[in-house]
Amino acid sequence: MADTLPRTRFNPWPATVFTVLCVLAVLFLLPTVGVLLSSIKTTREISMGQLWSAPASLFLGNFTEVLGNPAVHRYFLNTLLVTLPATAVSITLGALAGYVFAKLPFRGSNALFLVIVAGMFFPPQVILVPLFRLFNGLGLIDTLWPVIIVHSALGLPICVLMMRNFFATVPNALREAAIMEGASEWQVLTRVVLPLSLPALAVLATLQFTWIWNDFLWPLIFTQSDTKRTIMIGIVNLKGQYSVAWGVQGALSLVASLPTLLVFLFFQRFFIKGMTMGAVKG
Amino acid sequence: MEQHNRFWRIALLSLPLGVFGLFVIWPLFSSFYYSFTNWNGFDANYSYVGFDNFAKIATDRLFLQAAVNTTIWMIAAIVLPTALGLMLALLLDSRVAGARVFKSIFYLPICLSAVIVGQIWTWIYQPDWGLLNTVITQATGEKFKYAWLAKPDTALWSVIVAWSWQQTGLSMVIYLAGLTAIPGDLLEVCEIEGASPWQRFRRVVLPLLAPSTVVVVALSVINSLKGFDILYIMTGGGPFNSSDTLAMHMYNESFKKYLMGYGSAISVVLFLIALAIIGLYFRQLRKVDRIYG
Amino acid sequence: MAQLQLSDLRKSFGQTDVIRGLNLDIADGEFVVFVGPSGCGKSTTLRMIAGLEDASAGAILLDGADVTRARPADRGIAMVFQSYALFPHLTVADNIGFGLQLQKLDRATIAARVADVAETLHLTPLLGRYPRELSGGQRQRVAIGRAIIRNPKVFLFDEPLSNLDAALRVQMRLEIARLHHRLGATMVYVTHDQVEAMTLADRIVVFNDGRIEQVGSPMELYDHPANRFVAGFIGAPSMNFLPLRRAEGRAESPGMAPAPLPPGKETATELGIRPEHLALATGTTGDLTGEIELIERLGAETYAYVRVPGQPADLTLRLPGDTTLRPGTPVTLTIDWPRARWFSSDGRVL
């Protein structure tokens, strides 16, 4: 290919772009690298001002401290107990509603769809107080239930939006063919439309998992005792215990971010697609 | 068929709509209700106070401060990540080597929790050994010690920088998607017509990115209205409320001072602001839609 | 097998009437083609027969039983869609056996019947493939396979050939005709292509604007169209229409020698002549004079478009393939008067 092209003068542009990008990339990575470095250094090293120098030796004490802390185990378990069901429920509900909006539209269904999607844009603070009162009345404050429920409900706008948009790309003739063959609407959804929507499901699962795992506000409002806290609140709580143990805090941050980082690494494609899809169609 | 459709609509919609109605729509309207009461969050007894809470907002110095901060925060949150994201997208779009790796690097912060981002940047601003002071010390040669987050002058802006660091990747991918959507033949037309790279950007690429810009700006505004976690972690709204935003203020009044009625009134104002912005957004979107379908 | 009866079938979307009262009897084993321009209601009618669309009024009877409100699957009807509607995530075998799987038949039965159907349609080597890995014609056959496996009473085809290229379309047309021969099943076929209609149908139903214009065998429609719409729609190239003015019992038209009005045609306002019923005059006298504007050679035959001064449109004339005429040649044409059709002002044939 290169041989067939006429030789052109040296073009400085790509090299310049590359250099600029490298500089920016280093700047962007620095904060993350700082945490990485802190996690393998002793508190003494850090407070001596040696955080940003290359590590002389690999110190794993911070990680053993974090991973050996039963509170951390509890936080992790709680976060999983919130994230997994809330992700599953919000996607399921999104698929149910999205199917109706895409395949069984009715008079006013577009307006209803817009009302649900608009929910994505409102600050959650708007419904904070009534929800607190509601769950307080139900005696569910300081359990994981309100967090799971609220995440399932607040995940609906994005889930409904994406499922509807994806379902809309499945040809109507497929639904009709299945119905001619004797499928019920439920069978159309589970045997035809959903199997064809695996990419959308992957996108949503990635997004929802990350958002719910990373959330801070709802567990802050609805849980109080240490045994009910999720990992993001836990990090803040442990700040007191490890007040100047910077290295431990760094290791803790890394461990807490690990699930979302792994999801990001493996499902990067879906993640970015989800972000742009949700955004552009919004 | 229609009868069958009606049955399935109800069957499939009742659960999602029930959940959404009970836990989103109903609380939204309840907020309006509570904003006219003096409920403290615990007592069963509370009374109707009319527009007292809203009158209080008008004279609340802290609310005014939070409103000003939210405005600053919003404008900065629009300008910084949008401009930076557009620049990165343009650089990456030129088929540079390792574009995928660069993209991941710039995008990585988005998948971090605001708590983690807050913590990372708290360290960067740390007075004794933080990166920022270390760099300044090395550059100037004399010991530099400044508590960025503890000074009213710099607290808000320090958080804005951290926020922009996290949000830029989002603008970047949206702009990248917009750039790939520009048909190649349009750029070839520029080539044939002899447009300079700047002319091509200014007259063709930028206008064609308008839909992406609408999305990026809208997202920035919406996300910044929600701005809470990172402030809570980095400054808690302090020092002396210098980095308080409306969302932060609402939380403090409701859950620190237990003035839930007053907090609800603030949230109603927040809702109305969001509503106005969404209205503007949809209007703009319709305009863009007319051109770009 | 079954006979199908539509009785005063109507459909409206809101205020718009799409189907304005259809009455039609389709006999057992008959191949009926619905034909008409797009938006004429032929597809909507087919979808009402299938049960995918509710009838607003009227009844659909299958073997005398009213199925107007029955669910699609309970009607014993199979349908082949324009896009084939094959499930992309299922293999050919699973696509064909989809309906049987929904009926919860046991695996062995399903496999046996799928193998049977695949055999007759020459799909056996393709059973493990996915739709994306098939050619257009193969997809078409899978769609037919999915239809015949349930032994339906009636087959519905919704423009099944319109996604195929020209050569394949002819081949699949023959295949569908063969299928009808072998199964002897009642088939209803929708198309906007009148060639498909002419070649496949036992009877053609011409739709226009939500109504049936005429029902009849292909040659009936061709030779004895009931009205101007059918006359113009059936036949390619289509019939020539000449506006008429009546003067003293004779018909006049621009460029045409005045002709006597036959008895019963006194109120005619338009004359219709098919391209093959126009001929070049051998002598100097003829019915029409004009000039050849364009020549279209198809090989076996040639169409000449003749400009007659004063006529609203060029007249199409069918000539032998080896004609030596060229554009610009002045010509005189004679009309095969007994085969000409006379239309009244409301479009009826007189």
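Residues numbered from 1 in each chain as written. Chains lettered and ligands numbered in written order. Predicted model: local features only at pLDDT ≥ 70, side-chain atom pairs only at ≥ 80, totals over all residues.

Asks: Would you explain the overall build of chain C in this entry?
Replies: Scanning chain C from terminus to terminus reveals eight helices and 21 strands. Dimensions of chain C along its principal axes, counting C-alpha atoms only, are 80 × 45 × 35 Å. A buried classification covers 39% of the 350 residues belonging to chain C. Residue pairs in contact within chain C that sit at least 24 positions apart in sequence constitute 64% of those at least 6 positions apart. (Helix = DSSP H or I, 4+ residues; strand = E, 2+ residues; numbered from the N terminus. Buried ≥ 20, exposed ≤ 12 C-beta atoms within 10 Å, placed from the backbone. Contact = placed C-beta atoms within 7 Å.)

Asks: Can you walk me through the overall build of chain A in this structure?
Replies: When helices and strands are tallied, chain A shows 15 helices and zero strands. Here the C-alpha radius of gyration of chain A, 24 Å, is well above what a compact globule of 282 residues would show, namely 19 Å. Reported as C-alpha extents along the three principal axes, the dimensions of chain A are approximately 75 × 75 × 35 Å. Of all 282 residues assigned to chain A, the portion counted as buried reaches 50%. Taking the contacts inside chain A whose residues are at least 6 apart along the sequence as the reference set, 78% of them involve residues at least 24 apart. (Rg over C-alpha atoms; globule rule 2.2 N^0.38 Å.)

Asks: What is the right way to look at the domain arrangement of chain A in this model?
Replies: Reports of interface size often rely on the accessible area that becomes lost once the parts have come together. Residue and element names in this part refer to chain A. By domain assignment, chain A separates into domain 1 (12–59) and domain 2 (69–281). Per-element accounting of the side of domain 1 that touches domain 2 gives the leading share, four residues, to helix 1 (residues 12–39). Tallied by class, the residues present in the side of domain 1 that touches domain 2 amount to three nonpolar, five polar and one charged. (Domains from an automatic or database assignment. Nonpolar A, V, L, I, M, F, W, Y, C, P; charged D, E, K, R; others polar.)

Asks: Even after reading the chapter, I still don't get the domain arrangement of chain C, so can you show me in this structure?
Replies: With domains assigned, chain C is organised as domain 1 (4–233) and domain 2 (240–343). Placing a centre on the C-alpha atoms of domain 1 of chain C and another on those of domain 2 of chain C gives a separation of 39 Å.

Asks: Got a minute to help me understand the sheet that holds strand 3 (residues 31–35) of chain C in this structure?
Replies: The strands that make up a sheet pair up through hydrogen bonds in the backbone, lying either parallel or antiparallel. Residue and element names in this part refer to chain C. Spatially, six strands are ordered 6-7-8-3-9-10 in an open sheet, and the strand pairing comes out mixed. The open sheet is flanked by strand 6 (77–80) and strand 10 (211–216), the only strands paired with a single partner. Neighbour-to-neighbour, the strand axes of the sheet open up by a mean angle of 20 degrees, direction not taken into account. Relative to strand 7 (residues 154–158), strand 6 runs parallel, the two sharing four bridges. Opposite Ala78, over in strand 7, you have Phe155 as the bridge partner. Here helix 4 (residues 136–148) sits on the sheet in contact with strand 6 and strand 7, set at roughly 175 degrees to strand 6. (Pairing = 2+ DSSP bridges. Axes fitted to C-alpha atoms, helices over the stretch in contact; angles between N-to-C directions.)

Asks: Got a minute to help me understand the interface of chain A and chain B in this structure?
Replies: Each partner contributes to the interface: chain A provides 71 residues, whereas chain B provides 67 residues. Top element by residues in the side of chain A that touches chain B is helix 1 of chain A. It accounts for 14 residues. Its residues placed into classes, the side of chain A that touches chain B shows 54 nonpolar, 16 polar and one charged.

Asks: Would you take a moment to explain the packing of helix 11 (residues 198–214) of chain A against helix 14 (residues 246–266) of chain A for this structure?
Replies: Any two packed helices are characterised by the angle at which their axes cross and by the distance between the axes. Residue and element names in this part refer to chain A. Where helix 11 contacts helix 14, the two axes come as close as 10 Å, and the packing angle between them is 160 degrees. Considered as vectors, helix 11 and helix 14 are oriented roughly antiparallel to each other. Of the two possible hands of crossing, helix 11 and helix 14 adopt the one that is left-handed. Packed against helix 11, whose contacting residues are Thr206, Phe209, Thr210, Trp213 and Asn214, the element helix 14 presents Pro259, Thr260 and Val263 at the interface. Per-class residue counts for the contact of helix 11 with helix 14 are four nonpolar, four polar and no charged. (Parallel < 35°, antiparallel > 145°, perpendicular 65-115°, else oblique. Left-handed = near helix turned anticlockwise from the far one by under 90°.)

Asks: What should I look at first to understand the packing of helix 4 (residues 70–103) of chain A against helix 7 (residues 145–154) of chain A in this one?
Replies: Residue and element names in this part refer to chain A. Closest axis-to-axis distance for the helix 4/helix 7 pair is 8 Å, and the angle between their directions is 30 degrees. Of the possible angle classes, the one that applies to helix 4 and helix 7 is roughly parallel. As for how helix 4 packs across helix 7, the hand of that crossing is right-handed. Across the interface between the two elements, Val82, Pro85, Ala86, Val89, Ser90 and Leu93 from helix 4 touch Val147, Ile148, His151 and Ser152 from helix 7. Residue composition of the contact of helix 4 with helix 7, by class: seven nonpolar, three polar and no charged.

Asks: Hey, could you run me through the nonpolar core in this one?
Replies: It is characteristic of soluble globular proteins that their nonpolar side chains tend to be buried jointly. Among the nonpolar cores identified, the biggest contains 259 residues, and Val33(C), Leu156(C) and Val188(C) are the most heavily contacted of them. With 14 residues, helix 7 (residues 155–180) of chain B is the largest single contributor of residues to this core. Apart from the residues within four sequence positions on either side, Val188(C) is in contact with Ile26(C), Val32(C), Phe34(C), Leu46(C), Ile49(C), Val154(C) and Leu156(C). (Core = buried A, V, L, I, M, F, W, Y, C linked by C-beta atoms within 7 Å.)

Asks: What is the right way to read the confidence of the model for chain C from this model?
Replies: The predicted structure's coordinates, where accompanied by low pLDDT, should not be read in detail. Residue and element names in this part refer to chain C. When pLDDT is averaged across chain C, the result is 91; 100% of the residues are at 70 or more. At the level of individual helices and strands, chain C shows its lowest average pLDDT in strand 12 (residues 245–247), which scores 85, and its highest in strand 3, which scores 95. Here the predicted complex carries an ipTM of 0.86, next to a pTM of 0.86. (pLDDT = per-residue confidence, 0-100.)

Asks: Even after reading the chapter, I still don't get the sheet that holds strand 4 (residues 57–62) of chain C, so can you show me in this structure?
Replies: All names here are of chain C. Read from one edge of the open sheet, four strands run 2-1-4-5, paired in antiparallel fashion. Bordering the open sheet on either side are strand 2 (16–26) and strand 5 (65–66), each of which pairs with just one other strand. Two elements, strand 4 and strand 5, share two bridges in a ladder whose sense is antiparallel. Counterpart to Leu61 in the pairing with strand 5 is Asp66. On top of the sheet, helix 1 (residues 42–50) reaches strand 1 (4–13), strand 2 and strand 4; it is set at about 65 degrees to strand 2, its chief contact.

Asks: Quick question: what am I supposed to make of helix 14 of chain A here?
Replies: Three or four residues apart is the spacing at which side chains of an α-helix point the same way, because the helix has 3.6 residues per turn. Between the first and last C-alpha of helix 14 of chain A there are 29 Å, a value that for 21 residues agrees with the 30 Å anticipated at 1.5 Å per step. Leu258(A) marks where helix 14 of chain A bends most, by close to 50 degrees; the proline Pro259(A) follows one to four residues later. (Expected span 1.5 Å × (residues − 1). Bend = angle between axes of the 7 residues up to and from the residue.)

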